[in-house]
Amino acid sequence: MASAFNSLTQRIHAELRLRDHRIGVELALSDEQLRAGVTAFQPELVLAPMLTRAIPEDIWAAYTVLIVHPGPIGDRGPSSLDWAIHEGEHKWGVTVLQAVEEMDAGPIWASVPFTVTTCSKSELYRNEVSDAAVQAVLLAVDRFASGRFDPEPLDYLRRDIRGRLRPYHDQKRRRINWETDDTAAVLRKLRAADSQPGVLDELCGREYYLHGGHREDALRGTPGAIVATRDGAICLATLDGAVWVPQLRPRRVAGGPSTFKQPATTALGSDLPASISEVPVTPPAAAFRDTWSELRYQEDGTVGYLEFSFAGGAMSTHQCRRLLAAYRQACTRPIDVLVLGPARDFFSNGIHLNVIEAADNPAEESWLNINAMNDVVEAILTTTDKFVIAALAGNAAAGGVMLALAADEVWCRESVVLNPHYRLMGLYGSEYWTYTLPRRIGSKEAERLMREALPVGARAAAQVGLIDRVVSGSAEKFWRVVRREATRLAGSTDLDNRLAVKKRLRATDESIKPLAAYRSEELTQMHRNFFREGEPYHELRRKFVHKVRATPVPPHLCD
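No experiment lies behind these values; they were computed from the predicted model shown.

Undergrad: Give a detailed account of the overall build of the protein, specifying residues and quantitative values.
TA: Broken down by element type, the protein carries 20 helices and 21 strands. Here the C-alpha radius of gyration of the protein, 24 Å, is about what a compact globule of 559 residues would show, namely 24 Å. Within the protein, contacts between residues at least 6 apart in sequence are counted, and of these 68% link residues at least 24 apart. When the accessible surface of the protein is summed, it comes to about 24400 Å², and 51% of that surface belongs to carbon and sulfur atoms. Once the 68 positive and 71 negative side-chain charges of the protein are each reduced to a mean point, those two points are 1 Å apart.

Undergrad: Kindly report on the environment of Leu523, identifying the contributing residues and their values.
TA: Locating Leu523 in the fold gives a position in helix 19 (residues 515–531). Residue Leu523 is classed as buried on the basis of its relative accessible area, which comes to 9%. The contacts of Leu523, once residues within four sequence positions are left out, are Trp367, Ile370, Asn371, Asn374 and Ser430.

Undergrad: Tell me what's going on with the pairing of strand 6 (residues 206–211), and back it up with residues and numbers.
TA: Judged from the five bridges that link them, strand 5 (residues 199–203) and strand 6 form a sheet pairing that is antiparallel. Along strand 6, the bridge assignment pairs Glu202 with Glu207. With antiparallel pairing between neighbouring strands as the criterion, strand 5 and strand 6 make up a hairpin whose turn holds two residues, including Cys204 at a positive phi of roughly 55°. Judged from the four bridges that link them, strand 6 and strand 11 (residues 247–250) form a sheet pairing that is antiparallel. Pairing of His211 across the sheet is with Gln247, part of strand 11.

Undergrad: Describe helix 5 (residues 121–146), and please don't skip the residues or the numbers.
TA: Its 26 residues place the ends of helix 5 35 Å apart at the C-alpha level, agreeing with the 38 Å of an ideal helix rising 1.5 Å per residue. A bend of about 40° at Val129 is the largest found in helix 5. The buried count for helix 5 comes to 19 of 26 residues, which makes it a mostly enclosed element. Looking at the residues trailing helix 5, positive phi occurs at Gly147, about 70°.

Undergrad: Tell me about the sheet that holds strand 10 (residues 242–245), and please be specific about residues and values.
TA: Reading across the sheet, the four strands line up as 7-10-9-8 and stay open at both edges, with antiparallel pairing between neighbours. With partners counted over all chains shown, the strands left at the sheet margins are strand 7 (214–216) and strand 8 (226–230), one partner each. Within the sheet, the average angular offset between the axes of one strand and its neighbour, ignoring direction, is 30°. Sheet topology places strand 7 next to strand 10; three bridges connect them, and they run antiparallel. Bridged to Arg215 within strand 10 is Val243. Packing of helix 7 (residues 183–192) onto the sheet brings it into contact with strand 7 and strand 10, and relative to strand 10 it is tilted by some 20°.

Undergrad: If you had to explain unusual backbone geometry to someone new, which residues and values would you point to?
TA: With omega at 10°, the peptide bond leading from Asp194 into Ser195 counts as cis. The omega torsion of the bond from Gln196 to Pro197 falls at 5°, within 30 degrees of zero and hence cis. Among the structural elements, Pro197 can be located in the loop between helix 7 and strand 5. The backbone of Asp20 sits at a positive phi, close to 65°, despite the residue not being glycine.

Undergrad: Now, about helix 2 (residues 31–41): what can you tell me, with residues and values included?
TA: Inspection of helix 2 places Gln33, Leu34, Gly37 and Val38 among the buried residues, and these make up the whole buried set. Angularly, the buried residues of helix 2 cover 135° about the axis, an arc narrow enough to put them on a single face. Exposed side of helix 2, more than 90 degrees from the buried face: Glu32, Thr39 and Ala40 are the residues found there. Considering only its buried residues, helix 2 is in contact with helix 3 (57–62). Two residues or fewer after helix 2 comes Gln42, characterised by a positive phi angle close to 55°.

Undergrad: Report on the packing of aromatic side chains, specifying residues and quantitative values.
TA: Applying the stated criterion across every chain yields a total of ten aromatic pairs. Considering the side-chain rings of Trp367 and Phe531, the 6.4 Å spacing of their centres and the 70° angle between planes classify their relative orientation as edge-to-face. Residue Trp367 is found in helix 12 (residues 362–381), and its partner Phe531 is found in helix 19; the two are separated by 164 residues along the sequence. With 5.6 Å between their ring centres and 80° between their planes, Phe478 and Trp479 make a pair best called edge-to-face. Seen from the ring of Tyr537, Arg541 lies directly overhead, with NZ or CZ sitting 5.1 Å from the centre.

Undergrad: Go over the pairing of strand 9 (residues 233–237), please, and point to the residues and values.
TA: Among the five residues that make up strand 9, five are buried, leaving the element largely enclosed by the rest of the structure. Neither face of strand 9 is open: one carries Ala233, Cys235 and Ala237, the other Ile234 and Leu236, and all of them are buried. With four bridges connecting them, strand 8 and strand 9 associate as antiparallel partners. Looking at the pairing, Ile226 lines up with Leu236 of strand 9. If you look at the hairpin formed by strand 8 and strand 9, you'll find two residues sitting between the two strands, and Asp231 has a positive phi there, around 50°. When strand 9 meets strand 10, the two strands line up antiparallel, connected through four bridges. Bridge pairing in strand 10 links Ala237 to Ala242. A loop of four residues connects strand 9 with strand 10, the two strands running antiparallel in sequence.

Undergrad: Could you give an account of empty space enclosed by the protein, naming the residues involved and the relevant values?
TA: A water-sized probe, rolled over the atoms, reveals where empty space remains. Under the definition given, this model contains three cavities of 30 Å³ or more. In this structure, the largest cavity occupies an estimated 90 Å³ of space. Contributing to the lining of the largest cavity are 13 residues, with Arg126, Asn127, Ser130, Asn395 and Ser415 lying nearest its centre. Listing elements by their share of the lining of the largest cavity, those giving two or more residues are helix 1 (7–18) and helix 5. Each residue belonging to the lining of the largest cavity can be placed in one class, and the counts come to three nonpolar, six polar and four charged.

Undergrad: Can you lay out the side chain of Ser130 for me, pointing to particular residues and giving the numbers?
TA: Within the fold, Ser130 resides in helix 5. Looking at Ser130, its side chain comes within polar contact range of the side chain of Arg11, at 3.0 Å. Beyond its immediate chain neighbours, meaning those up to four positions away, Ser130 contacts Leu8, Arg11 and Tyr125.

Undergrad: An account of the sheet that holds strand 11 is requested, with residue identities and associated values reported.
TA: Read from one edge to the other, the open sheet built from four strands follows the order 5-6-11-12, with strand pairing classed as antiparallel. Taken across any chain shown, the strands that pair with only one partner, and hence form the sheet edges, are strand 5 and strand 12 (262–263). Judged from the two bridges that link them, strand 11 and strand 12 form a sheet pairing that is antiparallel. Bridge assignment links Gln247 to a residue of strand 12, and that residue is Pro263.

Each value, and the rule that gives it
- Residues numbered from 1 in each chain as written.
- Predicted model: local features only at pLDDT ≥ 70, side-chain atom pairs only at ≥ 80, totals over all residues.
- Heavy atoms only, no water.
- Helix = DSSP H or I, 4+ residues; strand = E, 2+ residues; numbered from the N terminus.
- Rg over C-alpha atoms; globule rule 2.2 N^0.38 Å.
- Contact = heavy atoms within 4.5 Å.
- Areas by Shrake-Rupley, 256 points an atom, 1.4 Å probe, with all protein chains shown as cover.
- Lys, Arg positive; Asp, Glu negative; His and termini not counted.
- Charge placed at Lys NZ, Arg CZ, Asp CG, Glu CD.
- Buried < 20%, exposed > 50% of the residue type's maximum accessible area, 1.4 Å probe, protein only.
- Pairing = 2+ DSSP bridges.
- Expected span 1.5 Å × (residues − 1).
- Bend = angle between axes of the 7 residues up to and from the residue.
- Axes fitted to C-alpha atoms, helices over the stretch in contact; angles between N-to-C directions.
- Arc of directions from axis to C-beta.
- Phe/Tyr/Trp six-rings, centres within 6.5 Å; stacked < 30°, edge-to-face > 60°.
- Lys NZ or Arg CZ within 6 Å of the ring centre and 35° of its normal.
- 1 Å grid on protein atoms, 1.4 Å probe; cavity = no way out; pocket = protein on both sides within 12 Å on 5 of 7 lines; lining within 4 Å.
- Points joined across faces, edges and corners; volume = space filled by probe spheres on them.
- Nonpolar A, V, L, I, M, F, W, Y, C, P; charged D, E, K, R; others polar.
- Polar contact = N/O pair within 3.5 Å; in protein donor to acceptor, adjacent residues only side chain to side chain.

Next comes the structure, spelled out in structure tokens:
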């Protein structure tokens with residue numbers, strides 16, 4: 001049971017399927033729907049990876065219901081991670097507890113600690129929290145299956161219980177005092193609220209929720225003032241420095257339509273003073289600075305590393321074009337191996353639905369965006385003098401998966417969840433998927449993945465040949481392995497032969513069916529999705545962007 005089929009729910013779903021558990025999914029849309037789902041499925045065990053509402057008593061009284069709570073034993077309340085980041089906690093945990101009448105107060109089935117990395121709440125959730133949650137869930141499931149485990153009651157008299165009941169972390173606690181808060185305090189508040197609900201503030205005479213928070217090492221100004229822009233983000237001066245805020249969400253007017261996150265400069269529009277300068281930074285310069293940049297590039301011997309990190313993994317037309325320019329520049333360098341991917345978090349989730357939703361002509365912007373994505377993928381596919389590795393420390397979906405598959409090899413952290421499909425957004429798909437996906441796993445398996453539209457864990461992806469290598473452990477360990485193996489590959493006596501084979505295969509594939517033909521066929525379908533009357537894409541996109549809850553449960557999640 002889950003309030004949404006979010007990243008953690010998807011990962012637990014994938015991990016349990018890998019272990020051959022039979023799973024039914026029920027979204028917590030109403031008590032009646034939960035009851036109906038339980039009655040239909042008749043589960044042995046109910047798991048709740050992410051819930052924002054209480055489970056009805058008649059369900060938890062009849063079944064063992066295990067709640068995944070992102071806090072250590074004894075921690076209770078709806079804002080666990082917000083408080084952990086806001087108060088600068090270094091150690092935290094995930095607890096699996098049994099549902100009882102009092103929220104988060106049931107017997108303990110498992111608890112796994114983790115170190116709090118300095119990052120946003122959403123990034124922490126998709127990395128350290130997710131890793132600890134999977135460990136705790138699998139332990140709890142094994143304990144339940146054994147029939148011999150007695151969960152421990154929550155006892156605040158125990159000295160090792162450090163958690164406590166905390167209130168909702170509201171905007172009064174989040175508000176930034178630009179005159180007194182130093183940069184560290186501002187960053188804690190911003191990171192504790194990202195990606196939701198954001199920090200409410202006033203900019204250019206209007207109220208916005210600030211999303212994201214990155215330190216700036218050089219720019220300064222009057223605390224709270226916008227001092228610069230860069231690639232859609234704004235830089236706000238602090239008492240002792242400055243921070244970058246990539247996205248803003250206008251505060252909803254009472255009775256007005258819902259609002260959503262947009263690039264900060266887009267959200268401000270004409271309210272942004274013309275005197276504010278754009279302060280660019282090149283990818284090589286950004287790699288050695290403590291500043292915000294979506295692109296970084298550095299080299300280690302004959303290995304180049306092109307890092308890209310886009311908020312939420314979404315890539316707008318302009319972001320795709322900047323990435324393409326950086327990729328082409330990297331390809332001019334005297335390197336043999338080129339590694340692509342962010343340090344942590346999302347690899348890519350494809351086209352930027354929020355930017356598209358905000359466009360004057362969403363259909364036209366969708367068309368521009370998908371073509372820009374295709375240009376990046378095509379550049380990778382046609383690179384024959386470098387060995388290209390897609391290094392996925394975080395999740396990928398839709399066109400983001402196909403972006404990775406354009407590389408010669410795909411290396412994934414064990415925690416990665418892939419969603420290699422498009423149909424849930426009403427799209428046929430592009431990014432040369434009709435070439436790269438069957439090339440890797442065969443037409444039959446490619447059709448199955450597209451049809452089922454279910455998340456695929458890294459281990460399962462490796463089993464079917466979707467990816468080439470799986471690395472266990474943290475993001476830091478993953479990159480140590482990537483750097484070591486990329487260096488080994490660059491120094492290998494076999495590299496020249498592998499590049500020659502790559503070039504020959506590309507030429508052979510091109511003679512059989514040119515890449516341009518794959519692109520044309522896919523885009524013919526996508527053009528219909530974007531421009532033809534009655535296509536579901538635009539309504540599905542609106543619901544996604546405005547976070548309209550699914551009802552009923554999407555059929556692809558039903559057992």
